[in-house]
Amino acid sequence: MELVLEEKDASDWTYRGEGAANLVLAYVGSSPAFVGKVIRLQKVPRNGAKYENGHTVLSKHEHLLWKDTGTMITSPTMEITEQLFVQHVMIPLLGSDYVDAGKRVLVSREFLETVERNVLCQRPSWRVNAAKINTCIDSVLLMSDHSVFPYGTLNGEPCISVEIKPKCGFLPSSRFIAEENAIKKKATRFKMHQVLKLHQHQISQLSEYDPLDLFSGSRDGIHKAIKALFSGPQNNLRVFLNGSLIYGGLGGGTNGTSFIKGEEFEDYIKCFIQGEDGLRTESFVELVAETVFRLGVLDRLLEVQKLDNFDIEGAIHAYYNIVSQPCLVCKSFGEEKQLCRYSHLHSIPLDESMKIVKNYLIAATAKDCSLMISFRPREDRNSESLYSSVYLEPTKQRFEFKAYFIDLDLKPLKKMEYYFELDQKIVSYYNQMLKTEDGLVKASSIEGYETVY
């Protein structure tokens, strides 16, 4: 904790990206303590909502939920809480080889206020309108920059990294899914959400990506998924060259797509992938797909996602048990339906309800995280290396690679109602689309949009 970031250090940090809860800055200075590092800064909503000032962290019900998870419930700040969540929950599930919990670094308010101003013009406008950096915190999370190799940029070695947000890789089969929502057992959540996002103008076109392909475990399925992500990255794929974003989205939205396209991308990777013009991108897609196939880490991620074996339509009832409130879902359904399908969930012991909800929230983290894979050419095959390597047959090149899961954020208990409402909205709109003549035509023209098993 001896490291402190002051106002004078703000110019050494540049915008890398952001999610709903955190903003990420990458280090571009020369201090050995920070070379090859990024920091995660908490955000606060601009709508006037009350937000934690570094002292109030978990609610009383979250204390119950996570009481068996180390010292997480006694953490004084959210930064420490999230770090301990990764250490005590996600690392045992995903493996220490693929997860970096990071460490805390003290920051001054002046540092936070300065970087807030510095990155304002680099952030997507809708992200700026929604939230700003929380300047009340006194520490941030310092982590390795997984888009580069340690000290690789200082040595002049080219490094290309791919960040993939896989999303949910299975079809739910919970008996608590309502009959009118049975489409969830046939069409992936990602595909259904795409239709709603298109309707809401959050995206400009439907993605051809299918998470079931990526999680299929087959070489062909994975290649199909990676190719689809490159065709329409949205916020599910980003490519970095030596730590700088060159392809993919800044975080969603119709205007937040890629920095470069087509021929430009070919030029960017010319220093990395050998081959003729027009073929380098295809070779790079093959490199990424082959590496994902060989890694096998998505099998482990899928198992964590499948901790959600009740679906939100079941877990929401366990949530109301925990917060000791009348179940608004059962109330909206009516007494007869409640007794037929959900009454059992409201008679289970509290510990069982907590297990259901805890598993759902852990699975939600796994469904929303990203996999970062970094590559660099390996010139000397005989030299020892800390990293695995993959051979790219079309270009006769060998590359070292490393892979880490990132964005393993703790999901708040209070978001359970939001998750349920969003789920119902997604399914309802998709069902409406299928029932209309125009929707039926659209559905039949979207290849692979509904997968029947």
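Residues numbered from 1 in each chain as written. Predicted model: local features only at pLDDT ≥ 70, side-chain atom pairs only at ≥ 80, totals over all residues. Heavy atoms only, no water.

A complete count under the given rule lists 24 salt bridges for this structure. The partner of Arg-376 in a salt bridge is Glu-400, with the nearest N and O atoms 2.8 Å apart. Remark: Glu-400 occurs in strand β13 (residues 397-406) and Arg-376 occurs in strand β11 (residues 370-377); sequence separation between them is 24 residues. The class for Arg-376 is buried, based on a relative accessible area of 15%. Between Lys-396 and Glu-393 there is a salt bridge whose closest N-O contact spans 2.2 Å. By sharing partners, the salt bridges in this structure join Lys-184, Arg-189, Asp-311, Glu-313 and Asp-423 into a single network. (Salt bridge = Lys/Arg side-chain N within 4 Å of Asp/Glu carboxyl O. Helix = DSSP H or I, 4+ residues; strand = E, 2+ residues; numbered from the N terminus. Buried < 20%, exposed > 50% of the residue type's maximum accessible area, 1.4 Å probe, protein only.)

The next point concerns the packing of helix α2 (residues 78-94) against helix α10 (residues 297-305). Angle between the axes and distance between the axes are the two parameters that describe a pair of packed helices. The contact between α2 and α10 brings their axes to 9 Å, and the two run at 130°. By the angle class used here, α2 and α10 are oblique. For the pair α2 and α10, the contacting residues are Met-90, Pro-92, Leu-93 and Leu-94 in the first and Arg-300, Leu-301 and Val-304 in the second. Among the residues making up the contact of α2 with α10, the classes are represented as six nonpolar, no polar and one charged. (Axes fitted to C-alpha atoms, helices over the stretch in contact; angles between N-to-C directions. Parallel < 35°, antiparallel > 145°, perpendicular 65-115°, else oblique. Contact = heavy atoms within 4.5 Å. Nonpolar A, V, L, I, M, F, W, Y, C, P; charged D, E, K, R; others polar.)

As enumerated under the stated definition, the model contains three cavities of 30 Å³ or more in all. Quantified by volume, the largest cavity comes out at close to 100 Å³. Residue lining of the largest cavity: 14 residues in total, with Arg-40, Val-86, Leu-141, Met-143 and Leu-408 positioned closest to the centre. Among the secondary structure elements, those contributing two or more residues to the lining of the largest cavity are α2, β7 (139-144) and β13. Element by element, the count of residues in the lining of the largest cavity is highest for α2, at three residues. Of the residues contributing to the lining of the largest cavity, the split by class is eight nonpolar, one polar and five charged. Considered as a void within the structure, the second largest cavity measures approximately 70 Å³ in volume. (1 Å grid on protein atoms, 1.4 Å probe; cavity = no way out; pocket = protein on both sides within 12 Å on 5 of 7 lines; lining within 4 Å. Points joined across faces, edges and corners; volume = space filled by probe spheres on them.)

The way to describe two aromatic rings as a pair is by their centre distance and the angle between their planes. Using the criterion set out here, one finds 18 aromatic pairs in the structure. An angle of 80° between the planes, with centres 5.6 Å apart, marks the rings of Trp-66 and Phe-85 as edge-to-face. On the criterion of sequence distance, the pair formed by Trp-66 in the loop between α1 (60-65) and α2 and Phe-85 in helix α2 is long-range, its members being 19 residues apart. For Trp-66, a relative accessible area of 1% gives the class buried. Accessibility expressed as a relative area gives 0% for Phe-85, which makes it buried. Each ring, one from Phe-284 and one from Phe-375, has its centre 6.4 Å from the other, and the planes form 75°; the classification is edge-to-face. A residue pair is termed long-range when its members are at least 10 positions apart, and Phe-284 in helix α9 (residues 280-295) and Phe-375 in strand β11 qualify at 91 residues. Put simply, the rings of Phe-230, Tyr-247, Phe-265, Phe-284 and Phe-375 touch in pairs and so form one group of aromatic residues. (Phe/Tyr/Trp six-rings, centres within 6.5 Å; stacked < 30°, edge-to-face > 60°.)

This part covers the side chain of Asn-236. Following the sequence through the fold, Asn-236 ends up in the loop between α7 (219-231) and β9 (237-241). Not counting residues up to four positions away in its chain, the partners in contact with Asn-236 are Glu-163, Ile-164, Lys-165, Lys-167, Phe-190 and Leu-229.

This prediction gives the chain a mean pLDDT of 88; 88% of its residues lie at or above 70. When pLDDT is averaged over each element of the chain, helix α6 (residues 211-214) comes out on top at 98 and helix α16 (residues 437-445) at the bottom at 55. Here residues 252-257 is modelled with pLDDT under 50, and outside its nearest four sequence neighbours on either side it reaches 14 contacts, counting other chains as well. (pLDDT = per-residue confidence, 0-100.)

To continue, consider the pairing of strand β4 (residues 37-45). Most of β4 is tucked away, with seven of its nine residues classed as buried. Inspection of the sheet shows strand β3 (residues 22-27) paired to β4 by five bridges, in the antiparallel sense. Along β4, the bridge assignment pairs Val-24 with Arg-40. Strand direction decides the pairing type here: β4 and β7, joined by four bridges, are antiparallel. Along β7, the bridge assignment pairs Lys-37 with Ser-144. The sheet contact formed by β4 and strand β6 (residues 131-133) spans three bridges and is antiparallel. Each residue of the ladder has a partner; that of Val-44, found in β6, is Lys-132. (Pairing = 2+ DSSP bridges.)

With that settled, consider the state of the cysteines. For the structure on display, the rule yields zero disulfides. Between Cys-327, a free cysteine, and Cys-330, which holds the nearest cysteine sulfur, the sulfur-to-sulfur gap is 3.6 Å. Judged by its relative accessible area of 13%, Cys-327 is buried. (Disulfide = S-S within 2.5 Å.)

Okay, the nonpolar core next. In terms of nonpolar packing, the biggest core is built from 91 residues, with Leu-214, Ile-226, Val-239, Phe-284 and Met-416 touching the most fellow members. Examining the composition of this core, we find that nine residues originate from one element, α2, more than from any other. Among all residues touching Leu-214, those that are not within four sequence positions of it are Ile-164, Pro-166, Tyr-209, Gly-221, Ile-222, Ala-225, Ile-226, Val-292 and Leu-298. (Core = buried A, V, L, I, M, F, W, Y, C linked by side-chain atoms within 4.5 Å.)

Turning to the environment of Arg-117, a few remarks are in order. Turning to its location among the elements, Arg-117 is positioned in helix α3 (residues 109-119). The exposed category is assigned to Arg-117, whose relative accessible area is 55%. Sequence spacing of Arg-117 and Ile-133 is 16 residues, and the spatial spacing of their C-alpha atoms is 9.7 Å.

Among the five residues that make up strand β8 (residues 160-164), five are buried, leaving the element largely enclosed by the rest of the structure. Of the two faces of β8, the one lined by Ile-160, Val-162 and Ile-164 and the one lined by Ser-161 and Glu-163 are each fully buried. Pairing analysis gives five bridges linking β8 to β9, with the strands arranged antiparallel. Bridge pairing links Ile-164 to Leu-237 in β9. Pairing analysis gives five bridges linking β8 to β11, with the strands arranged antiparallel. Paired with Ser-161 across the strands is Ser-374, a residue of β11.

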